[in-house]
Amino acid sequence: MHWYGNYENGPKQYPVSAYIWGHRFRIGQDPMEYLLEFLNVLYGFDYQLGRGIREHEEQDRRTLGFKKATRLGLRRFVFYSATEKSRHPRDDHALERLLGKLRQSELVKLNALGTEADSGFDAVESARSLLKSFTAVESNRSWFARALFPAHESLLFWEALRKKAKSQHLNPDEAAEIEDHEFDRGMEFTAANFFVRGGQLYYLMLSAGTREDPNLACSITSRLKFLMKESQPSIGKLADFIDGLWHPSAGKEDWEEEDTEEGSRGNGYLGWIPEPNSAFFHSMACDVNQLLHAELDATELLTLLSYLMAFQITQYIYHRSRVHSGKEGNLPHLLVDLLENSRDSSLRRASAVQFREQESQIRVAVQCHFEQELQTLFPGGTGWTDNLAAFIQHLGDHYPVSKKELSGHQMDLESRFSKLTGDRGIEAQRKLFQDKLESLLMNDFNKNFEGVHRKLAKYCGFVAPLVGSPQRYVLQNSLLKTLVYANLGPADRMEFTDFLDLLFEKYGLVVGLRQARNSGLFERHRLNAEYYENNQAVLLQKLKNAGLAFEYSDATAMVQGGQA
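Being a predicted model, the structure only gives us computed values, none of them experimental.

The rules we used
- Residues numbered from 1 in each chain as written.
- Predicted model: local features only at pLDDT ≥ 70, side-chain atom pairs only at ≥ 80, totals over all residues.
- Heavy atoms only, no water.
- Helix = DSSP H or I, 4+ residues; strand = E, 2+ residues; numbered from the N terminus.
- Buried < 20%, exposed > 50% of the residue type's maximum accessible area, 1.4 Å probe, protein only.
- Contact = heavy atoms within 4.5 Å.
- Areas by Shrake-Rupley, 256 points an atom, 1.4 Å probe, with all protein chains shown as cover.
- Phe/Tyr/Trp six-rings, centres within 6.5 Å; stacked < 30°, edge-to-face > 60°.
- Salt bridge = Lys/Arg side-chain N within 4 Å of Asp/Glu carboxyl O.
- 1 Å grid on protein atoms, 1.4 Å probe; cavity = no way out; pocket = protein on both sides within 12 Å on 5 of 7 lines; lining within 4 Å.
- Points joined across faces, edges and corners; volume = space filled by probe spheres on them.
- Pairing = 2+ DSSP bridges.
- Axes fitted to C-alpha atoms, helices over the stretch in contact; angles between N-to-C directions.
- Expected span 1.5 Å × (residues − 1).
- Parallel < 35°, antiparallel > 145°, perpendicular 65-115°, else oblique.
- Left-handed = near helix turned anticlockwise from the far one by under 90°.
- Arc of directions from axis to C-beta.
- Core = buried A, V, L, I, M, F, W, Y, C linked by side-chain atoms within 4.5 Å.

Draft legend 1. Here's a closer look at the overall build of the chain. The secondary structure content of the chain amounts to 23 helices and 13 strands. By the burial criterion, 54% of the 564 residues in the chain qualify as buried. Looking at the chain alone, contacts between residues at least 24 apart form 75% of all its contacts between residues at least 6 apart. In the structure as shown, the chain presents an accessible area of about 25000 Å², 47% of it carried by carbon and sulfur atoms.

Here is the structure:
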């Protein structure tokens, strides 16, 4: 297997999905957390792509990591309150101390909120309210697992976890004797509960896509660095001021302070992706670069980037499913339904059929992986019985299966093999091996990966409805705007018909009649040409309503984008 990142040879257990799509995408990650994790990694690598990649076996793992911003003072100030679900005496006293420092500080004179000191309002609570308005991920989580929208790099921090411990009551005199950092004892930053490498894999994809194009890498990172540092400096100044009262080096070296418990604030370590030389990644990077230079404010740009990221990862999942299954073509052809107000649901049903097919194709990719595993272990399709021990050892070395489980399955296979003989018996043995792989590994796949593409596609506006069925492919305004700005700059104009061809050739999206004919979907679904013509007309109207298209007097329609 060709890989890019930090794949470790030898006995190392990965879920089956990792071998196909990379280590690792997980269903529990909120779509916004992909963006937050990616930006945290980029920030931790000082806004450089291509770092943290193991190139030589002798490299020390510690030299590969990105540094994690902690900012416990800031996040406790914003998110910890009397209604906190994970109350702890240390946090109660820590917040009380920080609030005391703020009320004695120069917060009002800082004028970060643009308000005079004698105006009669509570500057501290106003600061909290302002920062809390940037909440990006909350969803009934503990204060240390929530996140802020990345309006400035000083609002970035890595997810934390307080180690389980008995709540120890502290009276005021005892708390007064404790230094600030002692209140943070027990907080660790190595658990992967919410930042579970989806954003890290996206960092690897952009790094792989720009390895041969350093100018493209520089364009992406310099633009992101500008957006994260310069777009809203007053917010960054306020966040640094508050966190600095708790941690004097906030925003500078707070990530380098080691907790007394080894490894709790250690460097982050990237995973890996397969097939790094794919042109797919370079195309992704080009789209990101084009979007980031659009003439939009930073908040909107970063929001659109989160949509683009979700769309690209969805397409990547489809892409790898096809590659791993040996199918032709870079991407599947997907019929987009824009006739949401039509009483006739023919196009909607056809699009829903294709969505179900892509979900099935993802599972087919896993089945193909199992077949490839068996061909590698048993070339020629023989030696099943003799190599049973090697098969069990391979499972234990490469997949998250316990020794107890493996022992039981080995005994089961030995019992079944004893009853199979002859040529038909050899085929039956192969089938038993594949069935065993499925029974051991598919539960984790079903639970932790299978729905990732659906979750991301719904978030960016590529699949609807949000709840209920049937799921089908759409182009909601958020995604439509994202794709326009990812392909067209301010001086760029493209005929609408050419834009439809671009969506088809680059992303496999079928909207109009010409794309339906070229993809074979027109013959397959046998829908009247009028459906596709109406579909195309609705898309043009959506673009015009969003200010992304206009028509000349001769009815020639043009799509337009934007670039800084």
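Draft legend 2. Structural view of the environment of Pro276. Residue placement: Pro276 occurs in the loop between strand E6 (272-274) and helix H12 (279-292). The exposure class of Pro276 is buried, given its relative accessible area of 7%. For the pair Pro276 and Ala208, spaced 68 residues apart in sequence, the C-alpha separation works out to 5.7 Å. Apart from the residues within four sequence positions on either side, Pro276 is in contact with His2, Trp3, Tyr4, Ala208, Arg211 and Phe281.

Draft legend 3. Just the packing of aromatic side chains, in detail. Following the criterion strictly, the structure yields 32 aromatic pairs and no others. Residues Tyr7 and Tyr14 carry aromatic rings whose centres are separated by 5.7 Å and whose planes lie at 25 degrees to one another, so their mutual orientation is stacked. For the residue pair Tyr7 and Tyr14, the accessibility class agrees, reading buried in each case. Centre to centre, the rings of Tyr318 and Tyr473 are 6.4 Å apart; their planes meet at 90 degrees, and the pair counts as edge-to-face.

Draft legend 4. Spotlight on the environment of Thr190. By secondary structure assignment, the location of Thr190 is in the loop between strand E5 (187-188) and helix H9 (198-209). Along the chain, Thr190 and Tyr269 lie 79 residues apart, while their C-alpha atoms are 9.8 Å from each other.

Draft legend 5. Spotlight on the pattern of salt bridges. Tallied over the entire structure, the rule returns 23 salt bridges. Close ionic contact of Lys481 with Glu300 constitutes a salt bridge, the shortest N to O distance being 2.3 Å. Of the two residues, Lys481 sits in helix H19 (residues 477-485) while Glu300 sits in helix H13 (residues 298-325), which places them 181 residues apart along the sequence. Given a relative accessible area of 22%, Lys481 falls into the partly exposed group. With its nearest N and O atoms 2.8 Å apart, the salt bridge here joins Glu359 to Arg454. A residue pair is termed long-range when its members are at least 10 positions apart, and Glu359 in helix H14 (residues 346-377) and Arg454 in helix H18 (residues 452-460) qualify at 95 residues. With a relative accessible area of 27%, Arg454 lands in the partly exposed category. Put simply, Arg76, Asp91, Arg162 and Asp184 are held in one network by salt bridges that share partners.

Draft legend 6. Inspection of empty space enclosed by the protein at higher detail. Going through the model one piece at a time under the given rule, you end up with three cavities of 30 Å³ or more. Its boundaries defined by the atoms lining it, the largest cavity holds a volume of some 60 Å³. Glu33, Arg75, Arg141, Phe144, Ala145, Arg146, Ala147, Phe157, Trp158, Glu159, Phe194 and Phe195 are the residues that line the largest cavity.

Draft legend 7. Inspection of the sheet that holds strand E13 (residues 557-560) at higher detail. Read from one edge to the other, the open sheet built from three strands follows the order E10-E13-E12, with strand pairing classed as antiparallel. The open sheet terminates on both sides in strands that have one partner only, identified here as strand E10 (493-495) and strand E12 (549-551). Across this sheet, the average inter-strand angle for adjacent strands is 30 degrees, counted without regard to direction. In terms of strand pairing, E10 meets E13 through three bridges, oriented antiparallel. Among the inter-strand pairings, Glu495 is bridged to a residue of E13, identified as Met558. Running at roughly 105 degrees to E12, helix H23 (residues 529-545) makes contact with E12 and E13 of the sheet.

Draft legend 8. Up close: the side chain of His453. Turning to its location among the elements, His453 is positioned in helix H18. Residue His453 is classed as buried on the basis of its relative accessible area, which comes to 1%.

Draft legend 9. A look at the environment of Ala529. Positionally, Ala529 belongs in helix H23. Owing to a relative accessible area of 18%, Ala529 belongs among the buried residues under this scheme. Remark: the alpha-carbon pair of Ala529 and Gly512, spanning 17 residues in sequence, is separated by 8.9 Å. With near-sequence residues (within four places) excluded, Ala529 lies in contact with Leu513 and Phe522.

Draft legend 10. Seen up close, helix H4 (residues 89-103). Over its 15 residues, H4 extends 21 Å from the first C-alpha to the last, a length consistent with the 21 Å expected when each residue adds 1.5 Å. Within the sequence span of H4, burial applies to Pro89, Arg90, Asp91, His93, Ala94, Leu95, Leu98, Leu99 and Leu102.

Draft legend 11. Structural context of the packing of H13 against H14. In the contact formed by H13 and H14, the axes pass within 8 Å of each other and the chain directions differ by 45 degrees. By the angle class used here, H13 and H14 are oblique. For the pair H13 and H14, the crossing hand works out as left-handed. Contact residues: H13 offers Ile317, Tyr318, Ser321, His324 and Ser325, while H14 offers Phe355, Gln358, Gln361, Ile362, Val364, Ala365, Cys368, His369 and Gln372.

Draft legend 12. Main features of helix H11 (residues 233-246). Across its 14 residues, H11 extends 20 Å between first and last C-alpha, which sits within 8% of the 20 Å expected from 1.5 Å per residue. Those residues of H11 that sit buried are Ile235, Gly236, Leu238, Ala239, Ile242, Asp243 and Trp246. Take H11 and look down its axis: the buried residues cluster within an arc of 165 degrees, on one side only.

Draft legend 13. Quick peek at the nonpolar core. Ranked by size, the top nonpolar core spans 159 residues in total, and within it Trp21, Phe25, Phe77, Phe462, Leu475, Leu539 and Leu543 carry the most contacts. In terms of residue count, the dominant contributor to this core is H13 (14 residues). Not counting the four nearest positions on each side in its chain, Leu543 is found in contact with Leu480, Val484, Phe496, Phe499, Leu548, Ala549 and Val559. Membership of the second largest hydrophobic core comes to 14 residues, among which are Phe504, Leu513, Ala516 and Ala529.

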